[in-house]
Each structure stands twice: as structure tokens, then as C-alpha cells.
Amino acid sequence: MRQDADPGLFGPRSVTWQLHADPVMWIAGVRALYLQALHPVAVRGVMINSSFREDPWGRLMRTASFVGTLSYGTRDAAEAAGARVRRVHRLLKVDDPALLLWVHCAEIDSYVTVARRSGLPLTGEPADRYVDEQRTSARLVGLDPAAVPATRAALTAYFDSVRGELAAGEDALAVLDFLREPPVPPALAAGRALVWRRISSLAYDTLPDWAHALYGRPVPPEATVTRRLVTTARLLRRVPAALRWRLPPGHIPRAVDRLGPDARPDPYTLSVPAAILDGPESVHEDDGGDGTRWGTSD
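It should be emphasised that the depicted structure is a prediction, and the values quoted were computed from it without experimental measurement. (Residues numbered from 1 in each chain as written. Predicted model: local features only at pLDDT ≥ 70, side-chain atom pairs only at ≥ 80, totals over all residues. Heavy atoms only, no water.)

Some details on the overall build of the chain
Check the secondary structure of the chain and you find 16 helices and zero strands. The buried share among the 298 residues of the chain stands at 48%. Taking the contacts inside the chain whose residues are at least 6 apart along the sequence as the reference set, 75% of them involve residues at least 24 apart. (Helix = DSSP H or I, 4+ residues; strand = E, 2+ residues; numbered from the N terminus. Buried < 20%, exposed > 50% of the residue type's maximum accessible area, 1.4 Å probe, protein only. Contact = heavy atoms within 4.5 Å.)

Below you can see the structure in the form of C-alpha cells.
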């Protein structure tokens, strides 16, 4: 790895760097939206102030670009992106720390849950390290990192503490219906039925039992959902990384160009902490998602 290059806020030896390159993060992001909608105050702010309904794909891409900038951009780029988000939050008066914390925790829980259930080795210490790393992202959206869960246990305790505030009101049900069938141009309607509906349905099914209960829908069999998620993840991971990573917003190729080929992410190294924690001279064999390791689930 080039020693004179800016590794950004996390760097190639972080869990964040490895994990956020995996294609199941798109499924996790949709799950986060379903989960976030269960906070009546938070979802009301989205419905009033967001372009989610008018420009759903633009909103999703802007969110993906923000996460990509924080994960793989330079430190200056990440700090600037965070400053823009905080400014928008202030202007729209949606900078209540309690609401920002809910959005953050729903997102991080979704990333950890979907990644683990899809077959990535995100358990134990790497999972806790990831939750802790994401307190940096929380700071950039306006939260005090000291008030943000730093472990999976703390994340679970947070959800236990807010369960009484959650409900599937009219706004949440509108988000549910919208995510199942967002508007698209007529030419893309077939693609929505073939691809998006399956992805959004799978994302919804990975929600915790209590979220299904709030939405008033049956809890799907856990083993069936996990099997579907693993199968979908294997298919997505067979798409060559060189192609996946160059799709918008394309932050990963720019980061690898900046730092060198040893910076290529490989989420399966999460089971080998030394590969991430060793000094810059320690590198691991990395197929970047193109090799046979992507077809495994252990």
C-alpha cells in the first residue's frame, strides 16, 4: 500500500473497508429503510422533507455515494460530505440527536445482520470492531460518538430501550408499500418485477421478529430467509468485482488507484484479524471477489 496516500477515515485494514465492498450491502441498505420507518417521528421527517417519493433512485444513489465517500474517500472528502449532511439536517430541522441515533443504529444493525446471515465471517470481535468504527460515521452526521453504541451488545441494548417508541403507522406502511413497488419508467417495469421486488422482499424478510410484529405481518421462517439470502449473495458475488465496483458511485476503484492494489477489499478476510491489523507491510492474497472464495458461505 502506498504510504504517502491518504487512507481516509478507516483505511484498508479496517472492517469497514472490507465489508462495505460486498454487494449484499445494497440489501442491507433497503432493510435499514424498512427498519428506520418504524420510528414515527423519524419517518415523518423523511416524508415531509425528503425527495424519497419524487426521486427514489436519486435518493438511494445519493445515500450510497455518501456511505462510499465516508468508507473509501480521502479524509477531506469524507469530512466535507459530513459537513454537507449536517448543514442539510440543520436547515430541515431534523438534527435531533435521538432521531439521528435511531437512523444510525438501524443502519448499522442492518449491515451487520445481513452481512453475517449472507455468509460473511462478521461475528465476534470483527463485528464489534465494525460497530465501534461506525461511530466515526455517526460523528459525521452530527452525533457525539460517546453516545453511540460501540459493541453489538450495546446495539442490542439500544434497540431494547427504544422498542416502546416504535410503531408501524401510516407513514411506515407507506414506506413499506413504496419500497415493494417504487415508481419506474415503463421501460424498467419488467426489471422492477424481476429484480427489485425480489431484493426488497428479501430485505424485508431479514427484519427482526419484533419488526415483523409491528408491521402486522407473519414472521417468515428464519432458516428459509437465511438460505435465500446466502443464495442471493452467492449470485451477486459472482459478478466480477471489476464490474461491480465500477458501477455508480464507483468509490472503490478510485480508492484502489489512490492506495495501490493491496488496498482491494476482500470481506472474507474478516475471519483473519491479523490480515487487517498487521502493519502496512503485511498483505494478504486478495481475489477481490473474482475467485472461488466468493462462492463459499463459511
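Next, the rest of the story.
Looking at the nonpolar core
Of all hydrophobic cores here, the largest spans 66 residues; its most connected members are Y34, L35, W102, L122 and Y215. Broken down by element, this core gets its largest block of residues, 11 residues, from helix 6 (residues 97-117). With 11 residues, the next largest nonpolar core counts A5, A21, W245 and L259 among its residues. (Core = buried A, V, L, I, M, F, W, Y, C linked by side-chain atoms within 4.5 Å.)

A short note on the side chain of D205
Along the chain, D205 falls in helix 11 (residues 189-205). D205 gets classed as buried once you look at its relative accessible area, which sits at 14%. At 2.7 Å, the side chain of D205 and the side chain of R228 are in polar contact. Not counting residues within four places of it along the chain, the set of residues in contact with D205 comprises H212, P220, V225 and R228. (Polar contact = N/O pair within 3.5 Å; in protein donor to acceptor, adjacent residues only side chain to side chain.)

A short note on the packing of helix 6 against helix 9 (residues 152-162)
It is at 11 Å that the axes of helix 6 and helix 9 come closest, and there the two elements cross at 130°. Taken as axis vectors, helix 6 and helix 9 run oblique relative to one another. The two elements helix 6 and helix 9 cross, and the hand of that crossing is left-handed. Of helix 9, the residues touching helix 6 (which contributes A98, L101, W102, C105, A106, I108 and D109) are L155, Y158, F159 and V162. Broken down by class, the residue content of the contact of helix 6 with helix 9 amounts to 10 nonpolar, no polar and one charged. (Axes fitted to C-alpha atoms, helices over the stretch in contact; angles between N-to-C directions. Parallel < 35°, antiparallel > 145°, perpendicular 65-115°, else oblique. Left-handed = near helix turned anticlockwise from the far one by under 90°. Nonpolar A, V, L, I, M, F, W, Y, C, P; charged D, E, K, R; others polar.)

Quick word on the packing of aromatic side chains
Counted by the stated rule, this structure contains six aromatic pairs. Taken together, a centroid distance of 4.9 Å and an interplanar angle of 70° make the contact between W17 and Y72 edge-to-face. Within this pair, whereas W17 is found in helix 1 (residues 15-19), its partner Y72 is found in helix 4 (residues 56-72), the two being separated by 55 residues in sequence. Exposure class is identical for W17 and Y72. Each is buried. Each residue in the set W102, Y158, F159 and W210 is aromatic and connected to the rest through ring pairs, giving one cluster. Here the basic side chain of R180 rests over the ring of Y204, its NZ or CZ set 4.8 Å away from the ring centre. (Phe/Tyr/Trp six-rings, centres within 6.5 Å; stacked < 30°, edge-to-face > 60°. Lys NZ or Arg CZ within 6 Å of the ring centre and 35° of its normal.)

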